[in-house]
Amino acid sequence: MDKDISTQHIGRVGSLAGRTALVAGATRGAGRALAVELGRAGATVYVTGRTTRKHASEVGRITETIEETAELVTAAGGTGIAVPTDHLDADRVRALVERIDREQERLDILVNDLWGGEHLLVDSVFGKKSWETPLADGLRILELGVRSHVITAALALPLLIRSDAPLHVEVTDGTAVSNRRYRENLYYDLAKNAPIRIAFGLGEELAEYGGTAVAVTPGFLRSEQMLTHFGVTEENWRDAVAQEPDFAIAESPYYLARAVAALAADPDRAVRWNGKSTSSAELARTYGVRDVDGSQPDAWGYFEDVRYGGKDGSPDDYR
């Protein structure tokens, strides 16, 4: 799918020509798609991550790399620049920001999509009380999902606020509304609620610079790892519905990415979104964006109404 993305349903995405973006955590999934769609809108996009063609991160996947992401950005019409970066290493993040300043003299969009903790969830999080989670694994989840975001924001914001319209995007799992419910395990709950508060706090701080900070979440994401988990591809993903009925509400990474690209080009984005938490579905409705198959899935609406609310309905009713 990455090399042949349908652009039929992109919606109202304005031009980002002349803008510079940093997508931190762009190896795969939503981060990769976000980088590609920002590039498609004309931006120069620095893409970072820990998996390169020469080195794999602790996630253990070698099938996606930041070099490939950068190439996809360029192929889409932007300029993709891959910079291997561990965002828990402050010195490397500082060097990354200095490079962007030196080469572009600006940073307009910062997307914090850092995570990489999926490998810890099955054995250490799901179905376990917090005290049953190995402490080292729990703390690693907080490093990957919170500390990396804080380090990146702290070091990149001095450059970002020099933009005439700075945009800071925090990518997480769940909205403020959906995450009022406990997210399975203390460590995971903290990791996925923290970006929402980061966006809220930075919204307060960026307001005087005309900036926007917003937390965004995909729904049930058909990431490369999720497709592998179910033994399907993007082309036959519906075959996995037999294993997991809720997968019928799944969305491609490009759904959120198209919506965020539209938000980035919106001159009224600060009024609409600053300090808020939103979802791919809400953004899609606002900007007329559709997924690659032409649908507008609303996974969080489906879970809220049907799974938790007891309302009659099926995933098809929320597409």
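Summary of the structure given here. On a predicted model such as this, the values are computed, not experimentally measured, just so you know.

1. Points about the overall build of the protein chain
The helix and strand inventory of the protein chain stands at 11 helices and 7 strands. At 18 Å, the protein chain has a C-alpha radius of gyration in line with the 20 Å of a compact globule built from 319 residues. Expressed as lengths along the three principal axes of its C-alpha atoms, the size of the protein chain is roughly 50 × 45 × 40 Å. A burial count over the protein chain gives 57% of its 319 residues as buried. Counting only contacts in the protein chain whose residues sit at least 6 apart along the sequence, the fraction spanning at least 24 positions is 72%. Working note: accessible area of the protein chain is about 13400 Å², and carbon and sulfur atoms make up 50% of it.

2. Examining the packing of aromatic side chains
Think of a pair of aromatic rings as described by two things: how far the centres are apart, and how the planes are tilted against each other in angle. For the structure on display, the rule yields 8 aromatic pairs. Look at Trp 115 and Tyr 188: their rings are 6.2 Å apart centre to centre, the planes differ by 65 degrees, and that puts the pair in the edge-to-face class. Here the residue Trp 115 occupies a position in the loop between strand S4 (109-112) and helix H4 (121-124), and Tyr 188 occupies one in helix H6 (residues 186-206), the gap between them amounting to 73 residues. Comparing Trp 115 with Tyr 188, the two get one shared label, buried. Aromatic side chains Trp 237 and Phe 247 sit 5.7 Å apart centroid to centroid with 85 degrees between the ring planes, which places their arrangement in the edge-to-face category.

3. A word on the pairing of strand S2 (residues 44-49)
The buried count for S2 comes to 6 of 6 residues, which makes it a mostly enclosed element. Burial along S2 is two-sided: Thr 44, Tyr 46 and Thr 48 facing one way and Val 45, Val 47 and Gly 49 facing the other are all buried. Remark: the strand S1 (residues 20-24)/helix H1 (residues 29-40)/S2 crossover connection has right-handed handedness. Bridge count between S2 and strand S3 (residues 79-84): 6 bridges; the pairing is parallel.

4. Side note on helix H8 (residues 253-264)
Here H8 contains 12 residues, and its C-alpha end-to-end distance of 17 Å stays within 8% of the 16 Å for a straight helix at 1.5 Å per residue. Most of H8 is tucked away: 12 of the 12 residues are buried. Among the residues making up H8, those that are buried are Pro 253, Tyr 254, Tyr 255, Leu 256, Ala 257, Arg 258, Ala 259, Val 260, Ala 261, Ala 262, Leu 263 and Ala 264. Its buried side turned inward, H8 meets H1, S4, strand S5 (167-171), strand S6 (212-217), helix H9 (269-273) and helix H10 (280-287).

5. Focus on helix H2 (residues 66-76)
Helical geometry note: an α-helix holds 3.6 residues per turn, so side chains three or four residues apart project in the same direction. For H2, the set of buried residues is Ile 66, Glu 68, Thr 69, Ala 70, Leu 72, Val 73 and Ala 76. Contact partners of the buried residues in H2: H1, S2 and S3. Just beyond H2, the residue with positive phi is Gly 77, at close to 120 degrees.

6. What about the pattern of salt bridges?
Counting across every chain of the model gives 23 salt bridges. Across the pair Asp 266 and Arg 272 runs a salt bridge whose closest N-O atoms are separated by 2.8 Å. Taking the relative accessible area as the measure of exposure, Asp 266 reaches 9% and is therefore buried. Accessibility expressed as a relative area gives 37% for Arg 272, which makes it partly exposed. Salt-bridge contacts for Asp 298 lead to Arg 285; the nearest nitrogen and oxygen are separated by 3.5 Å. Taken together, the positions of Asp 298 in the loop between H10 and helix H11 (299-307) and Arg 285 in helix H10 put the pair 13 residues apart, joining distant regions of the chain.

7. Considerations on the sheet that holds S3
Strand-to-strand pairing in sheets goes through backbone hydrogen bonds, with the strands running parallel or antiparallel. Read across the sheet, 7 strands follow the order S3-S2-S1-S4-S5-S6-S7 without closing on themselves; strand pairing throughout is parallel. What marks the edges here is a single partner per strand, and that holds for S3 and strand S7 (277-279). This sheet shows a mean twist of 20 degrees between the axes of neighbouring strands, independent of strand direction. As paired elements, S1 and S2 share 5 bridges and run parallel to each other. Bridge assignment links Val 23 to a residue of S2, and that residue is Val 47. Relative to the sheet, H2 contacts S2 and S3, its axis offset from that of S3 by approximately 170 degrees.

Cut-off values and rules
- Throughout this description, residue numbers start from 1 for each chain and increase along the sequence as written.
- This being a predicted model, a pLDDT of at least 70 is required before a residue's local features are given, and a value of 80 or more before pairs of side-chain atoms are given or counted; all residues contribute to the totals for chains, interfaces and linings.
- Side-chain metrics in this entry use all non-hydrogen atoms of the structure; hydrogen atoms and water are not considered.
- Put simply, DSSP H or I for four residues or longer makes a helix, DSSP E for two residues or longer makes a strand, and each gets a number counted from the N terminus.
- Here the radius of gyration uses the C-alpha set of atoms, whereas the globule reference equals 2.2 Å times the residue count to the power 0.38.
- Partly exposed describes any residue whose relative accessible area lies between the buried limit of under 20% and the exposed limit of over 50%, with all areas from a 1.4 Å probe on protein chains only and scaled to the type maximum.
- Contact definition: two residues touch when any of their heavy atoms are within 4.5 Å.
- Note on areas: Shrake-Rupley with a 1.4 Å probe; residue coverage comes only from the protein chains shown.
- Side-chain rings of Phe, Tyr and Trp, where Trp is taken by its six-membered ring, are said to pair if the distance between their centres is within 6.5 Å; with planes under 30 degrees apart they count as stacked, over 60 as edge-to-face, and otherwise as tilted.
- The handedness of a crossover follows from its direction of travel: if, with the strands pointing away from the viewer, the path from the first strand over the helix to the second runs clockwise, the crossover is right-handed.
- For two strands to pair, DSSP has to find at least two bridges joining them.
- Take the number of residues in a helix, subtract one, and multiply by 1.5 Å to get its expected span.
- Every case where a carboxyl oxygen of Asp or Glu lies within 4 Å of a side-chain nitrogen of Lys or Arg is listed as a salt bridge.
- Axis definition: a line fitted to C-alpha atoms, limited for helices to the stretch in contact. Angles are taken between N-to-C directions and run from 0 to 180 degrees.

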